[in-house]
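Reading the structure
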Amino acid sequence: MVIFGTLRGRVVPGVEFPVFLLAGIVPYIMFRSIATRLMEGVDANMGLFNYRHIKPMDVFLSRSLLEVVLYTLVLVAMVVGLIWFGYRIVVPDPLGFLMLLGVLVAMAFGLGLVLSVLADYSPEAKPIIRMLFLPLYFVSGVLFPVSMLPQEYREWLTWNPLFHAVELLREAFLSGYPVVAEASLRHFLEPTLVVCFLGMALYRLRRLDMVTR
Amino acid sequence: MIELCGLTKSYLTDSGRHYVFRDLSVQFPDSVSIGLIGRNGAGKSTLMRLLGGIDVPDRGHISFDGSISWPVGLSGGFQPSLSARDNVKFVCRIYGVRGAAMDRALDYVREFADIGPFFDHPIKTYSSGMRARVAFGLSMAFDFDYLLIDEVLAVGDADFKRKCKDAFEKKRAESNLILVSHNMNDIENYCDVVLLVDQGRVHIFEDVTAGIVAYQGRKTQRPSKNPTTQ
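None of the values given here were measured: they were computed from a predicted structure. Counting of residues starts from 1 at the beginning of each chain's written sequence and follows it residue by residue. Chains and ligands are labelled sequentially in the order written, the chains with letters from A and the ligands with numbers from 1. Confidence filtering applies because this is a predicted model: local features only for residues at pLDDT of at least 70, side-chain atom pairs given and counted only at 80 or more, and all residues used for totals across whole chains, interfaces and linings. The basis for every side-chain value is the complete set of non-hydrogen atoms in the structure, without hydrogens or water.

Any two residues whose heavy atoms approach within 4.5 Å are treated as being in contact. On the side of chain A, 14 residues touch chain B, which itself brings 20 residues to the contact. Surface buried jointly by chain B and chain A totals about 1,400 Å² across both partners, of which 55% is contributed by carbon and sulfur atoms. One side-chain nitrogen of Lys or Arg within 4 Å of one carboxyl oxygen of Asp or Glu is enough to make a salt bridge. In this structure, the connection of chain B to chain A is made through zero salt bridges. Under the rule applied, a polar contact is a pair of N or O atoms within 3.5 Å (in protein, one hydrogen donor and one hydrogen acceptor; residues adjacent in sequence only if both atoms are side-chain atoms). Between the two partners, chain B and chain A, sit three residue pairs in polar contact (both at pLDDT 80 or more). Broken down by secondary-structure element, the contributors of at least two residues to the side of chain B that touches chain A are α1 (44-52) and α2 (84-94) of chain B. Split by residue class, the side of chain B that touches chain A holds 13 nonpolar, five polar and two charged. Two parts placed together each lose some accessible area under a 1.4 Å probe, and adding up what both lose gives the buried area. A helix here means a DSSP run of H or I that spans at least four residues, while a strand means a run of E at least two residues long, and both kinds are numbered starting from the N terminus. In the scheme used here, Gly and all other residues not listed as nonpolar or charged are polar, with Ala, Val, Leu, Ile, Met, Phe, Trp, Tyr, Cys and Pro taken as nonpolar and Asp, Glu, Lys and Arg as charged.

Residue and element names in this part refer to chain B. Read across the open sheet, the three strands follow the order β2-β1-β4; overall the sheet is antiparallel. The strands lining the two open edges of the sheet, one partner per strand, are β2 (16-27) and β4 (59-63). In this sheet, neighbouring strand axes are inclined to one another by 30° on average, regardless of whether the strands run parallel or antiparallel. Two strands are counted as paired when DSSP detects at least two bridges linking them. Taken together, the four bridges between strand β1 (residues 3-13) and β4 define a ladder with antiparallel strand orientation. When the bridges of β4 are listed, Thr8 appears paired with Arg59. The axes are straight lines fitted to the C-alpha atoms, using for helices just the contacting stretch, and the angles between their N-to-C directions are given from 0 to 180°. α1 contacts β1, β2 and β4 of the sheet and is inclined by roughly 120° relative to β1.

Quick look at the sheet that holds strand β8 (residues 201-205) of chain B now. Residues and elements named next belong to chain B. As summarised here, the arrangement of the five strands in space is β5-β6-β3-β7-β8, forming an open sheet in which the pairing is mixed. The outermost strands of the open sheet, each flanked by one partner alone, are β5 (146-150) and β8. Averaged over all pairs of adjacent strands, the angle between their axes in this sheet comes to 20°, without regard to strand direction. The strands touched by α1 are β3 (34-37), β5, β6 (176-180), β7 (193-198) and β8; relative to β5, the strand with the most contacts, the crossing angle is about 145°.

All names here are of chain B. For every residue, the accessible area (1.4 Å probe, protein chains only) is compared with the maximum for its type, and the residue is labelled buried under 20%, exposed over 50%, or partly exposed between those bounds. Buried residues dominate β6, accounting for five of its five residues. Of the strand pairs in this sheet, β3 and β6 are connected by three bridges, and their pairing is parallel. Of the residues in β6, the one forming a bridge with Ile34 is Ile178.

Residues and elements named next belong to chain A. Looking at the secondary structure, you find Met210 in helix α8 (residues 186-211). Distance from Met210 to Pro56, taken between C-alpha atoms, is 7.7 Å for residues 154 residues apart in sequence. Sequence-distant contacts of Met210, that is, excluding residues within four places in its chain, are made with Val42, Met46, Pro56, Phe60, Ser116, Val117, Asp120 and Tyr203.

The next point concerns a nonpolar patch on the surface. Two joining distances apply to patches: 9 Å for like charges and 5 Å for nonpolar side chains (Val, Leu, Ile, Met, Phe, Trp, Tyr), and every residue must have over 30% relative accessible area and no salt bridge. Using a 1.4 Å probe, accessible areas were evaluated by the Shrake-Rupley method; residue-level cover was limited to the displayed protein chains. A cluster of nonpolar side chains, Leu65, Val69 and Leu73 of chain A, forms an exposed patch at the surface whose accessible area comes to about 310 Å². Locating Leu73 of chain A in the fold gives a position in helix α3 (residues 56-84).

Attention now goes to the confidence of the model for chain B. All names here are of chain B. A score from 0 to 100, pLDDT tells how confident the predictor is in each residue. For chain B, per-residue confidence averages 83 on the pLDDT scale, and 91% of positions sit at 70 or higher. Confidence, expressed as mean pLDDT per element, reaches its minimum in chain B at helix α7 (residues 208-220) with 77 and its maximum at α2 with 92. Predicted confidence is poor over residues 221-230, with pLDDT under 50, and the contacts of this stretch with residues over four places away or in other chains come to 14 contacts. In the predicted assembly, ipTM is 0.77 and pTM is 0.83.

So, on to the packing of α2 of chain B against helix α3 (residues 100-113) of chain B. Residues and elements named next belong to chain B. Packing of α2 against α3 leaves a shortest axis separation of 10 Å and a crossing angle of 135°. What the angle tells us is that α2 and α3 run oblique. Judged by the sense of rotation from one axis to the other, the crossing of α2 with α3 is right-handed. Along the contact surface, α2 presents Arg85, Val88, Lys89, Cys92 and Arg93, while α3 presents Met102, Ala105, Leu106, Val109 and Arg110. Looking at side-chain class alone, the contact of α2 with α3 contains six nonpolar, no polar and four charged residues. Angles are sorted into four bins: roughly parallel if under 35 degrees, roughly antiparallel if over 145, roughly perpendicular if 65 to 115, and oblique for all others. For any helix crossing, the convention is left-handed if the near helix is rotated counterclockwise from the far helix by under a right angle, and right-handed if that rotation is clockwise.

The nonpolar side chains of soluble globular proteins are, as a tendency, buried together. To form a nonpolar core, buried Ala, Val, Leu, Ile, Met, Phe, Trp, Tyr and Cys residues must be joined to one another through side-chain atoms within 4.5 Å. Within the largest apolar cluster, 113 residues are counted, with the highest numbers of intra-cluster contacts made by Leu104 and Phe173 of chain A together with Leu138 and Ile187 of chain B. With 16 residues, the top contributor of residues to this core is helix α2 (residues 17-44) of chain A. Membership of the second largest hydrophobic core comes to 26 residues, among which are Ile34, Leu36, Val193 and Ile204 of chain B.

Turning our eyes to something else, we now look at the packing of α3 of chain A against α8 of chain A. Residue and element names in this part refer to chain A. Between α3 and α8, the shortest axis-to-axis distance is 9 Å and the interhelical angle comes to 105°. By the angle between their axes, α3 is roughly perpendicular relative to α8. Only Tyr203, Arg207, Met210 and Val211 of α8 make contact with α3, whose side of the interface consists of Pro56, Met57 and Phe60. The residue makeup of the contact of α3 with α8, split by class, is six nonpolar, no polar and one charged.

All names here are of chain A. Residue placement: His164 occurs in helix α7 (residues 161-173). When its relative accessible area of 1% is taken as the criterion, His164 is described as buried. Beyond its immediate stretch of four places on either side in the chain, His164 contacts Thr158, Glu182, Ala183, Ser184, His187 and Phe188.

Looking now at α1 of chain B. Residue and element names in this part refer to chain B. For α1, a buried count of seven out of nine residues is recorded, marking the element as mostly surrounded by other parts of the structure. For α1, every residue scored as buried is listed here: Lys44, Thr46, Leu47, Met48, Leu50, Leu51 and Gly52. Backbone geometry just after α1 places Gly53 at a positive phi near 80°.

Another point: unusual backbone geometry. All names here are of chain B. Notably, Asp23 is not glycine yet its phi reads approximately 50°, a positive angle. Judged by relative accessible area, Asp23 falls into the exposed class, the value being 53%. The phi dihedral of Asp114 is positive, around 55°, even though this residue is not glycine. By the secondary structure assignment, Asp114 is in the loop between α3 and α4 (128-140). You can call Asp114 exposed: its relative accessible area is 51%.

As structure tokens, then:
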């Protein structure tokens, strides 16, 4: 609340705070949700692996699909709600926004695969991983405009691919949003490829051990 | 005919790799009900999981061109947050049973399980007995060439036990059983052939009684490895 309070006054000019928040928060929560749901997927559906057709990948794909549909609906509902309350939302680059969301889903999926292998290897890590998503929330610039931060701190944040994701998503969603110079699509796409590769490679190696108790 | 070719299966344990089967090749006799017997930890359930396709061998393969069910146990493969009805629908769909056939399967399971309104409540609210009733009904609703059964043939109260037995009798006309059991009466009643699993080997006994005798002999005088195999 304190953060919200102090921020309300000093948001980017020309961009209303709820709209600003919406553009970052829904994609981020979708990202977190896909990754953590995949992490818990194998345990939660253990019974289903009794049927020979069902592989862990089926669980991962269906869980991801469910989350994507869910958060798309949430996004649409919130946009409609905000417009209803008189906020002006004109998305300057809707296709770019959807493309970025797609990449974000791919990254969440890859990360989810990595986490599910990790969770299978050591189930004790699960609550710790879940807790780590909170600091990630803050360093991704979901709650505040990163242009507020001094340059030398901002440079540290650029190590986080989600920082680029959130910033680019805002650029595509908000008209007149002053995107920071550091934000680059490359630094979002390349880690996504790496994470997806890592996730699928680990899955390939461990897919049989995952379903044996 | 089910055939195991050069089957090797091991598990990684804290004290190194434990081989359950090493280069095992067996031809199961054709279209008969098979009883799997052996000591605890001999590999009966592993063999069943391999046959059911839940586990994959390290090397070798299992060839069979018919259908084998999932292992029918107490718990069953259920999604606990869904109702029995939805679970049955789910299993119907993955086995390609749709439309009117699915409705028939649903009616059959509901009637067989006989748990009243709970059929539409989430599985996680069930008692273990109710769960087993649904699991049994579900496995009886499909036609497989082989029905895999792990330990439990009949569950619940006397009435339901009789129902299970009746269903099995009927089922035996069109499908065969692969039964893992420590209950020798069940083995004798339901199986035509006995496979004794012992120390990574599988011994086939065409004569059920001989198999049971061999198993019980082995159990009582374990240290002396008397070769009563074929």
